[in-house]
Amino acid sequence: MNNNSIGFVITIVAFAFFIVCPRMGAMTNLLERHTNYPIYWLVIIGTFGSIPLLLVMTWLIKHWGLMAGLGFAVLTDLAAAAILTSVSFRVAVETFIIAIFVIGGNKFAMWITAKFMT
């Protein structure tokens, strides 16, 4: 493998680690606690269902920047919260709150790095 191939593999592995993030853990925990469905099947099937959404988000970021991609991600979180009201209103509210913290965390991280790493 040449350096380009190694860099590509490393980038893929890093992206896989990004997908399995604290937010994803929190959402999986919500579904595990508040539904009676097999959580492993939800994770597997939901992962395949998320591929088109990830592609749309990536396309938006590539063409219009991070805020467009985050805007789409927030819309999908709001859609998830709306859909989850049929399972549990509490799960829907917790999903919405987690989405707000993700947006705030992103803004805070950009502010901190801009302040101390310029």
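Coordinates for the structure precede this section.
Residues numbered from 1 in each chain as written. Predicted model: local features only at pLDDT ≥ 70, side-chain atom pairs only at ≥ 80, totals over all residues. Heavy atoms only, no water.

Colleague: When you look at the side chain of D77 in this model, what are you seeing that I'm missing?
Modeller: Of note, D77 is situated in helix α4 (residues 66-84). The contacts of D77, once residues within four sequence positions are left out, are R23, T95 and A99. (Helix = DSSP H or I, 4+ residues; strand = E, 2+ residues; numbered from the N terminus. Contact = heavy atoms within 4.5 Å.)

Colleague: Could you clarify how one ought to interpret the layout of surface pockets in this entry?
Modeller: In this approach the atoms are scanned with a rolling probe the size of a water molecule, which exposes any empty space left behind. The calculated volume of the largest pocket comes to roughly 1600 Å³. What lines the largest pocket is a set of 42 residues, among which R23, M24, S50, T76 and D77 lie closest to the centre. Those elements giving two or more residues to the lining of the largest pocket turn out to be α1 (3-19), α2 (22-34), α3 (39-64), α4 and α5 (89-116). Broken down by element, the residue count for the lining of the largest pocket peaks at twelve residues, all from α4. Here the residues of the lining of the largest pocket sort into 30 nonpolar, ten polar and two charged. (1 Å grid on protein atoms, 1.4 Å probe; cavity = no way out; pocket = protein on both sides within 12 Å on 5 of 7 lines; lining within 4 Å. Points joined across faces, edges and corners; volume = space filled by probe spheres on them. Nonpolar A, V, L, I, M, F, W, Y, C, P; charged D, E, K, R; others polar.)

Colleague: Just to check I follow, could you spell out the packing of α2 against α5 for this structure?
Modeller: For the pair α2 and α5, the least separation of the axes is 11 Å and the interaxial angle reads 175°. Here α2 is positioned roughly antiparallel relative to α5, judged by the angle of their axes. Judged by residue contacts, R23, A26, M27, L30, R33 and H34 of α2 engage R90, V91, E94, T95, I98 and V102 from α5. Here the residues of the contact of α2 with α5 are counted per class, giving six nonpolar, two polar and four charged. (Axes fitted to C-alpha atoms, helices over the stretch in contact; angles between N-to-C directions. Parallel < 35°, antiparallel > 145°, perpendicular 65-115°, else oblique.)

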